[in-house]
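# Understanding the architecture of this molecule
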Amino acid sequence: MSTTPVEPAEAARQAAFDATIAHHDRIEPRDWMPDGYRKTLIRQIAQHAHSEIIGMQPEGNWIGRAPSLRRKAILLAKVQDEAGHGLYLYSACETLGIARSELVDMLLSGRQKYSSIFNYPTLSYADVGTIGWLVDGAAICNQVPLCRTSYGPYGRAMIRICKEESFHQRQGYELLRTMMDGTDAQRAMVQESVDRFWWPSLMMFGPPDAESPNTEQSMAWGVKRNSNDELRQKFVDMTVPQAQALGVTLPDPALRWNAERDHHDFGEPDWSELTAVIRGNGPCNTERMAHRRAAHEDGAWVREAATAFAARSAAKAGAR
Ligand SMILES: [Fe+2]
Ligand SMILES: [Fe+2]
């Protein structure tokens, strides 16, 4: 008699999945999941992983020109963390049954995207501070709810990532604080940097809810826990008092406290700019992808060596 368990019917598997989601429990790699859920997760986790890796470039641009050994050490650690985030996320994505080489291929061929924010240039050292404060700050708003996402490996990766992101945000704020306590020229540099990064940071939360067709399904699956507009509002409310403490002006004349709503009102980002950047026409899209492709080709010998080493180790283990 066969001991293989009888596969439960499709309906029963779907019911078990729905019950797990309803109880806010985790879906794990070996559990049955609908195809759409798997595809949505692969797309979201891969896009997140690609963003971490491409995101090393704007700040990496300043490692060789950091103004002191201390600043260089901080920046190196920060950029290295982002590489680590990429690795955790590629690993989490692979548990969904897709190979890392395939994910990298989709990035390099433009079939998968990364966050639009990394297509903006870093023109001054103040940008290192502004990216930490605003870009990592926005990433934290986006990512803290993902620690409770329904897919286990993704949620667990996010817990560690969020701890490191909060270090990134603090180091950015501290850098800007130091510059704001410096000369007029340094204060002007900070303000100019904040002026450039404010609107692109707001766009990091994605299009308005009304134009975000996947949000509803992602929230029903517990992949996403808050809508784009909710997170954007949270980020604005969190950032305004920090800007005041820092002594910088956020470049939005419509920004004001609304006591009735108990939130800040703020202006509408230029959504046509986000569309253009996503389509590949941001200031640095071409440069970022060219750099990534060159780095991938330069690393070919490492992948070959690692593959050869793994094959030899496996053969040795087999011989024993
Ligand atoms: Fe990161
Ligand atoms: Fe970060």
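Residues numbered from 1 in each chain as written. Chains lettered and ligands numbered in written order. Predicted model: local features only at pLDDT ≥ 70, side-chain atom pairs only at ≥ 80, totals over all residues. Heavy atoms only, no water.

- As annotated in an unreviewed UniProt entry, the chain carries the name Phenylacetate-CoA oxygenase subunit PaaA and comes from Actinoplanes palleronii.

## Re the overall build of the chain
- A tally of helices and strands in the chain yields 13 helices and two strands.
- Taken over the C-alpha trace, the chain has a radius of gyration of 22 Å; the compact-globule value for 320 residues is 20 Å, and the two agree within 12%.
- Per-residue burial for the chain yields a buried fraction of 46% across its 320 residues.
- Surface accessibility of the chain: about 16400 Å² in total, with carbon and sulfur atoms responsible for 57%.
- Charge separation in the chain, taken as the distance between the mean sites of 36 positive and 40 negative side-chain charges, equals 7 Å. (Helix = DSSP H or I, 4+ residues; strand = E, 2+ residues; numbered from the N terminus. Rg over C-alpha atoms; globule rule 2.2 N^0.38 Å. Buried < 20%, exposed > 50% of the residue type's maximum accessible area, 1.4 Å probe, protein only. Areas by Shrake-Rupley, 256 points an atom, 1.4 Å probe, with all protein chains shown as cover. Lys, Arg positive; Asp, Glu negative; His and termini not counted. Charge placed at Lys NZ, Arg CZ, Asp CG, Glu CD.)

## Side note on the coordination of the iron ion (ligand 2)
- Within the first shell, the iron ion (ligand 2) binds the protein through Glu82 (OE), Asp136 (OD), Glu165 (OE) and His168 (ND1), at distances of 1.9 to 2.2 Å.
- Its four donor atoms give the iron ion (ligand 2) angles of 87 to 156° at the centre, a pattern that matches the irregular case.
- Between the iron ion (ligand 2) and the iron ion (ligand 1) the interatomic distance comes to 3.4 Å, and Glu82 is a ligand of both metals. With a gap of three residues between them, Glu165 and His168 both fall in helix 7 (residues 152-180), about one helical turn apart. (Donors = N, O, S within 2.8 Å, 3.2 Å for Na, K, Ca; no water. Tetrahedral: all angles 85-135°; square planar, octahedral: opposite > 155°, others 65-115°.)

## Comments concerning the environment of Gln233
- For Gln233, the location among the structural elements is in helix 10 (residues 228-246).
- By relative accessible area, which is 11% here, Gln233 ends up buried.
- Put simply, Gln233 and His263 are 30 residues apart on the chain and 7.5 Å apart in space, counted from C-alpha to C-alpha.
- If sequence neighbours within four positions are ignored, Gln233 has contacts with Arg261, His263, His264 and Phe266. (Contact = heavy atoms within 4.5 Å.)

## Let's talk about the coordination of the iron ion (ligand 1)
- For the iron ion (ligand 1), the full set of protein donor atoms is Glu52 (OE), Glu82 (OE), His85 (ND1) and Glu165 (OE), at a range of 2.0 to 2.2 Å.
- Judged by relative accessible area, which is 5%, Glu82 ranks as buried.
- Judged by relative accessible area, His85 falls into the buried class, the value being 0%.

## So, unusual backbone geometry
- Its identity is not glycine, yet His24 carries a phi of approximately 60°, on the positive side.
- Tracing the backbone shows His24 in the loop between helix 1 (10-22) and helix 2 (35-54).
- Judged by relative accessible area, His24 falls into the exposed class, the value being 59%.
- Of note in the backbone geometry, Asp262 takes a positive phi value of approximately 65° without being a glycine.
- Tracing the backbone shows Asp262 in the loop between strand 1 (256-258) and strand 2 (263-265).

## A word on the packing of aromatic side chains
- Taken as a whole and judged by the stated rule, the model has seven aromatic pairs.
- Look at Tyr37 and Trp221: their rings are 5.7 Å apart centre to centre, the planes differ by 85°, and that puts the pair in the edge-to-face class. Separated by 184 residues along the polypeptide, Tyr37 in helix 2 and Trp221 in the loop between helix 9 (215-220) and helix 10 bring together distant segments of the chain.
- The exposure class assigned to Tyr37 is buried, which follows from its relative accessible area of 0%. (Phe/Tyr/Trp six-rings, centres within 6.5 Å; stacked < 30°, edge-to-face > 60°.)

## Looking at the nonpolar core
- Core analysis: the largest hydrophobic core is formed by 73 residues, its most contacted members being Tyr37, Ile45, Trp133 and Tyr151.
- Contributions of two or more residues to this core are made by helix 1, helix 2, helix 4 (69-94), helix 5 (100-108), helix 6 (126-143), helix 7, helix 8 (184-203) and helix 10.
- Non-local contacts of Tyr37, meaning those with residues more than four positions away in its chain, are made with Phe17, Ile21, Ile27, Ser150, Tyr151, Trp221 and Val223. (Core = buried A, V, L, I, M, F, W, Y, C linked by side-chain atoms within 4.5 Å.)

## Structural notes on the pattern of salt bridges
- Counted according to the given criterion, the structure contains 17 salt bridges.
- Put simply, Asp127 and Arg196 hold a salt bridge, and the shortest N to O gap is 2.9 Å. Residue Asp127 is located in helix 6, and its partner Arg196 is located in helix 8; the two are separated by 69 residues in the primary sequence.
- Among the ionic pairs, Arg187 bridges to Asp184, the shortest N-O distance being 2.8 Å. (Salt bridge = Lys/Arg side-chain N within 4 Å of Asp/Glu carboxyl O.)

## Regarding helix 1
- When the terminal C-alpha atoms of helix 1 are compared, their 18 Å separation across 13 residues agrees well with the 18 Å that a helix rising 1.5 Å per residue should span.
- Looking one or two residues past helix 1, His24 carries a phi angle of roughly 60°, positive in sign. (Expected span 1.5 Å × (residues − 1).)

## Focus: the side chain of Ser193
- On the secondary structure map, Ser193 appears in helix 8.
- On the basis of relative accessible area, Ser193 is assigned to the buried category, the value being 0%.
- Apart from residues lying up to four places away in sequence, Ser193 is in contact with Ala126, Asp127 and Thr130.

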